[in-house]
Amino acid sequence: MKKNVVKSIVAIGIGAALFFVLGRFVAIPSPVPNTNISTQYGLLAFLACVYGPVVGALAGLIGHALIDFSYGWGIWWSWVIASAVFGLLVGLFSLKKKTVASLNISQVIAHAIAWIGVAPVLDIVMYAEPVDKIFLQGAVAAVANIVTTAIIATLLLLAYNATKPKAGSLKKEK
Amino acid sequence: MTNIFNYIDRKSPIHNLTGATKFVCLLLWSFAAMVTFDTKILALLPVVSFILFGLSKIKLKDISFLLVFTLVFMVMNNVLVFLFSPMHGTELYGSCTEICKLWGNNYLTVEQLWYHLNLVLKYFSTMPIVILFISTTEPSEFAASLNKIGVKYTIAYAVSLALRYIPDVQREYHEISLAQQARGIEMSSKENIVKRLKSASAILIPLVLQSLERIDVITNAMELRGFGKNRKRTWYRSRKFTKADIISMIFCGALLLLSIGMNIYNGSRFWMPHF
């Protein structure tokens, strides 16, 4: 088995643990009452960008399912799957380019697909909830997540790039 | 910190079932509750789950916190649905029995109330069984059980790693947060939203960079021990199936079949008696 596979498994495990802790215990109060800002999607976008689509999708899936388990209200599969789709899409878009600009473009597209596309459609199929309520919830979630992800994922990626030595940063002494 | 999943250790027939059985039953059960809007089935499932609760020796006060949380969520969701489309029931059931006028072109209808009854029943048919699962299954056995029902062991191991490192990450987060607060960052609602996000990043960056390092260390350790060399692996926590395991899986399978069967018999997912 290649080294990458073991590394991906560990990255999924630790990524899911980080996602869980951020989603469950790190609640930043937002201006809207009873709504917290979810910082975990910024982390997920960053992980998907660095480790690829498989890690992004599975870390989102496991992390989100564990959050739902720990609250005990039953797994809300439609939103768990949407988290996985978000990680997968960001990972796929970032396969070639890992710049701040490309990460931000891909996260905006992925959030839109996940929260205005996947989550509401699954909600309607599984729970037969009214269409306009679901899409409003999805749109609000998408906008809030896009803003937080833009700030957090960008800062994370910049910090991560700064830790990597650049090509040609060493010079031979004369 | 160790008990975030609310596992309660008691001696009971439910605790004795293997983790794999309980996980399969949970999946079958939640699908059974998900596919149908037949009120008879949605009323049957909560009754059966309350009997199971009795068997498991989990007391109401053990889980009251989880229960209150979920009930609040349920009420909020119902209110939202009603405010957004008070005529949703009419669309679903295809008939309109008005009780009184509300606002605009909207009426309070029997169909809408029936739909809300079904929605509430739906919560009561999945919620107790999930609470039962998390309070009677040990987290480490849960990871082993995933492998047993056919999930690749590498993925099951990732789940196991996540469960193992959640307390560590949590402690690390707490330490970094205290250190940054000592340097004067503010995360409460006194600051404006952009500032708050920036202070969150001041904690996240060290936490994530440290975790990336941790990923490398664990990868090397697993690599050295030959992880992933063979196609199969054994689990310290796994147990053999007993008769009770097989019976409970067949029972939950039958529930799913019954619920799909009722959908076919009714001709649709929705069912309503004639008033």
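Scroll up for the structure.
Residues numbered from 1 in each chain as written. Chains lettered and ligands numbered in written order. Predicted model: local features only at pLDDT ≥ 70, side-chain atom pairs only at ≥ 80, totals over all residues. Heavy atoms only, no water.

Let us look at the overall build of chain B. Check the secondary structure of chain B and you find ten helices and two strands. The order of helices and strands in chain B, counted from the N terminus, is α-α-α-α-α-β-β-α-α-α-α-α. Summarising its shape, the C-alpha atoms of chain B cover approximately 70 × 60 × 35 Å along the three principal directions. Within chain B, the fraction of its 275 residues that count as buried is 48%. (Helix = DSSP H or I, 4+ residues; strand = E, 2+ residues; numbered from the N terminus. Buried < 20%, exposed > 50% of the residue type's maximum accessible area, 1.4 Å probe, protein only.)

Turning our attention to helix H8 (residues 153–182) of chain B. All names here are of chain B. Taking 1.5 Å as the rise per residue, H8 with 30 residues should run 44 Å; its terminal C-alpha atoms sit 43 Å apart, in good agreement. Its axis deflected by about 40° at Tyr 165, H8 carries its strongest bend there, up to four residues before the proline Pro 167. Just beyond H8, the residue with positive phi is Gly 184, at close to 100°. (Expected span 1.5 Å × (residues − 1). Bend = angle between axes of the 7 residues up to and from the residue.)

This part is about the packing of H8 of chain B against helix H9 (residues 193–224) of chain B. All names here are of chain B. Between H8 and H9, the least distance of the axes is 10 Å, while the angle of their chain directions is 145°. The hand of the H8/H9 crossing is right-handed. Residues Tyr 157, Leu 161, Tyr 165, Asp 168, Val 169, Glu 172, Tyr 173, Ile 176, Ser 177 and Gln 180 of H8 form the contact with H9, whose participating residues are Ala 202, Ile 203, Pro 206, Leu 207, Gln 210, Ser 211, Arg 214, Ile 218 and Met 222. Of the residues that constitute the contact of H8 with H9, the class distribution is twelve nonpolar, four polar and three charged. (Axes fitted to C-alpha atoms, helices over the stretch in contact; angles between N-to-C directions. Left-handed = near helix turned anticlockwise from the far one by under 90°. Contact = heavy atoms within 4.5 Å. Nonpolar A, V, L, I, M, F, W, Y, C, P; charged D, E, K, R; others polar.)

On to the interface of chain B and chain A. Many structure descriptions define interface size as the accessible area lost when the parts assemble. Chain B puts 65 residues into the contact, and the matching count from chain A is 57 residues. Taken together, the two surfaces of chain B and chain A that pack against each other cover about 5600 Å², and 81% of this comes from carbon and sulfur. It is Phe 84, Leu 197 and Ile 215 of chain B that lose the most area in chain B upon contact with chain A, and together they represent 11% of the buried surface on that side. Counting across the interface, chain B meets chain A through one salt bridge. Linking Asp 216 of chain B and Lys 7 of chain A is a salt bridge whose minimum nitrogen-to-oxygen distance equals 2.7 Å. Remark: the boundary between chain B and chain A carries one residue pair in polar contact (both at pLDDT 80 or more). Here the side of chain B that touches chain A takes 20 residues from H9 of chain B, the largest share from any one element. In the side of chain B that touches chain A, the residues fall into 47 nonpolar, twelve polar and six charged. (Buried area = accessible area lost by both parts, 1.4 Å probe. Salt bridge = Lys/Arg side-chain N within 4 Å of Asp/Glu carboxyl O. Polar contact = N/O pair within 3.5 Å; in protein donor to acceptor, adjacent residues only side chain to side chain.)

This part takes up helix H10 (residues 243–266) of chain B. Residue pairs spaced three or four apart in an α-helix point in one direction, given the helix's 3.6 residues per turn. Residues and elements named next belong to chain B. In this model, H10 (24 residues) spans 34 Å end to end at C-alpha, consistent with the 34 Å of a helix rising 1.5 Å per residue. Those residues of H10 that fall on the buried side of the exposure criterion are Asp 245, Ser 248, Met 249, Cys 252, Leu 255, Leu 256, Ser 259, Met 262 and Asn 263. In the core, the buried residues of H10 are packed alongside helix H2 (19–35) and helix H3 (39–56). Positioned one or two residues after H10, Gly 267 has a phi angle of 85°, which is positive.

So, on to the pairing of strand S1 (residues 98–101) of chain B. All names here are of chain B. As judged from the three bridges shared by S1 and strand S2 (residues 107–109), these two strands associate in the antiparallel manner. Within the sheet, the bridge partner assigned to Cys 100 lies in S2 and is Leu 108. Between S1 and S2, which pair antiparallel and follow one another directly, the connecting turn spans five residues, one of which, Gly 104, has a positive phi of 55°. (Pairing = 2+ DSSP bridges.)

Time to look at the packing of aromatic side chains. Residues and elements named next belong to chain A. If you walk through the whole model with that rule in mind, you get eleven aromatic pairs over all chains. Seen from their ring centres, Tyr 41 and Trp 115 are 5.4 Å apart, and the 80° between their planes marks the pair as edge-to-face. With a gap of 74 residues between them, Tyr 41 in helix H2 (residues 40–51) and Trp 115 in helix H5 (residues 100–127) connect regions that are remote in the sequence. With a centroid separation of 5.6 Å and an interplanar angle of 80°, the aromatic rings of Phe 46 and Tyr 160 are classed as edge-to-face. Of this pair, Phe 46 sits in helix H2 while Tyr 160 sits in helix H6 (residues 131–163), and the two are 114 residues apart along the sequence. Here Phe 46 falls in the buried class, since its relative accessible area comes to 0%. By the ring-pair criterion, three or more aromatic residues cluster together here, those being Phe 19, Tyr 41, Trp 79, Phe 86 and Trp 115. (Phe/Tyr/Trp six-rings, centres within 6.5 Å; stacked < 30°, edge-to-face > 60°.)

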